[in-house]
Amino acid sequence: MSDIPPSSESVTLAAADGQRLSARLFAPASAAAFNGLTLQINGATGVPRGYYDAFAGFMAQRGFAVLNFDYRGISGSRETTPGAPPPRMLDWARQDIPAAAAFLRGRFPEARACMIGHSFGGQALGLLPYAEDIAAVVTIGAQQGYWRNWPAKQQVRLAAIWYVAMPLTVALRGHVPGRMLGGEPLPRGVALDWARWCRTPHYMSDDHGKPLQTLNRRLRAPMRMISFADDVDFGPKRGVDLLAQTYAGARIERQHIAPGDWGLPRIGHFGFFKREMPQERWADMAEWLYNAAYRRHDSRAA
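Numbers given to residues run from 1 along each chain, matching the order in which its sequence is written. Residue-level local features of this predicted model are given only where pLDDT is at least 70; pairs of side-chain atoms are given and counted only at 80 or more, and the full residue set underlies all totals for whole chains, interfaces and linings. Each side-chain value is worked out from all heavy atoms of the structure, with water and hydrogens disregarded.

Asker: Sorry, what's going on with empty space enclosed by the protein here?
Answerer: Rolled over the atoms, a probe as big as a water molecule pinpoints where empty space is left. With a 1 Å grid laid over protein atoms only, a set of points is called a cavity when a 1.4 Å probe fits there but cannot get out and a pocket when it is open yet has protein on both sides within 12 Å along at least five of seven lines; lining residues have an atom within 4 Å of a point. Grid points are joined across faces, edges and corners, and a volume is the space filled by probe spheres set on the points. Going through the model one piece at a time under the given rule, you end up with two cavities of 30 Å³ or more. Approximately 80 Å³ is the volume attributed to the largest cavity. Along its surface, the largest cavity is lined by T38, Q40, A101, L104, R105, A113, C114, M115, Y130, D133 and I134. Each residue gets one of three labels, nonpolar for Ala, Val, Leu, Ile, Met, Phe, Trp, Tyr, Cys and Pro, charged for Asp, Glu, Lys and Arg, and polar for the others, Gly among them. Class assignment for the residues of the lining of the largest cavity results in seven nonpolar, two polar and two charged. There is about 50 Å³ of room inside the second largest cavity. Contributing to the lining of the second largest cavity are I41, G43, V47, P48, R49, Y52, N68, F69, D70 and Y71.

Asker: Help me out: how do you make sense of the side chain of N68 in this one?
Answerer: Residue position: N68 is located in strand β4 (residues 65–69). Each residue gets one of three labels from its accessible area relative to the maximum for its type: buried under 20%, exposed over 50%, partly exposed in between, using a 1.4 Å probe on protein chains only. Taking the relative accessible area as the measure of exposure, N68 reaches 0% and is therefore buried. The definition of a polar contact used here is a pair of N or O atoms within 3.5 Å, where within protein one atom must be able to donate a hydrogen and the other to accept one, and adjacent residues in sequence count solely through side-chain atom pairs. At 3.1 Å, the side chain of N68 forms a polar contact with the backbone oxygen of R49. Note on contacts: a residue pair qualifies if any of its non-hydrogen atoms lie within 4.5 Å across the two residues. When near neighbours in sequence (up to four residues on either side) are disregarded, N68 contacts A23, R24, F26, I41, R49, Y52, D53 and A56. A helix here means a DSSP run of H or I that spans at least four residues, while a strand means a run of E at least two residues long, and both kinds are numbered starting from the N terminus.

Asker: Could you clarify how one ought to interpret the packing of helix α3 (residues 152–173) against helix α5 (residues 188–198) in this entry?
Answerer: Working note: a packed helix pair is described by the angle between its axes plus the distance between those axes. Interhelical geometry of α3 versus α5 gives an angle of 170 degrees and a closest axis separation of 10 Å. Taken as axis vectors, α3 and α5 run roughly antiparallel relative to one another. Viewed along their axes, α3 and α5 form a crossing whose handedness is left-handed. Residues W162, M166, P167 and V170 of α3 pack against R188, A191, L192, W194, A195 and C198 of α5. Within the contact of α3 with α5, the residues separate by chemical class into nine nonpolar, no polar and one charged. Every axis corresponds to a line fitted to the C-alpha atoms, with the helix fit spanning only the stretch in contact, and the corresponding angles, defined between N-to-C directions, vary from 0 to 180 degrees. Angles are sorted into four bins: roughly parallel if under 35 degrees, roughly antiparallel if over 145, roughly perpendicular if 65 to 115, and oblique for all others. When the near helix sits turned anticlockwise from the far one by under a right angle, the crossing is termed left-handed; a clockwise turn instead gives a right-handed crossing.

Asker: Sorry if this is basic, but what is going on with the pattern of salt bridges here?
Answerer: Side chains that carry opposite charge are capable of pairing whenever their charged atoms lie near each other. A side-chain nitrogen of Lys or Arg and a carboxyl oxygen of Asp or Glu constitute a salt bridge if their distance falls within 4 Å. Inspection of every chain in the model, using the stated rule, returns 16 salt bridges. In this structure, D284 engages R224 in a salt bridge whose closest nitrogen and oxygen atoms are separated by 2.7 Å. Placement of the pair is D284 in helix α7 (residues 279–301) and R224 in strand β9 (residues 222–228), with a sequence separation of 60 residues. We classify D284 as partly exposed; its relative accessible area is 35%. According to the relative accessible area criterion, R224 is buried, its value standing at 9%. Via salt bridges that share partners, R88, D193, R196 and D207 belong to a single interconnected network.

And the structure:
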């Protein structure tokens, strides 16, 4: 790995419905260092893009062109662009993730596209217009979020959140304060979509209740789906296993990791992307994505 730090630039993405999104592109140190792969980081609910900067910079040093971005209504994309509809979580899936992918396709037309999906960011990949073209994917704590997928001892608390606390908070305040769930404030439409999905056995659905996760079978990339044994609040093993089933066309490598397996006291839902994560874990991910993306390309060419 080069000792020269990657360069980065602030960029603005344009969703199909007119919403502008704040993003940052991390480039390898030189054109010669570019490995021919882009890497799009689809973040977790309410997590600002800057949380992933250390990881993005590392992956750029490994040769990837890396893009992280804020979903509409969150952090740098908090303001609604004139003419765009109010922010909704459904639009994160149908508009924002595709907008990021379109930007990378435009900037690096010959590159192969890889993705990281953290929590929500790994749930909706089948909604991409060109899901079939994704070269390789890693998900971290991405789950099927129906509340009964959690252990029984947590279900009462989750039912109270999704049926009572979140709808009531939105009705009274017009949004969900960040302190309620430990992230950025959530706009009204985002919070109501999320609560509705978490009350629905098939989880992600359109406004008529039609399941959307059935579209995930369009994704045919190699996938590494990772969960952590101490991620009890957001990414339980059962929920991650059930999400894996919706990616029926993908070639999935499923990993469930205890922190001690990596010599760590804890990881949880957010620890993988922290600067304190041993870099050999990030290096392993870079190597896996590279090998998976090029193996897929070679197999399709054959």
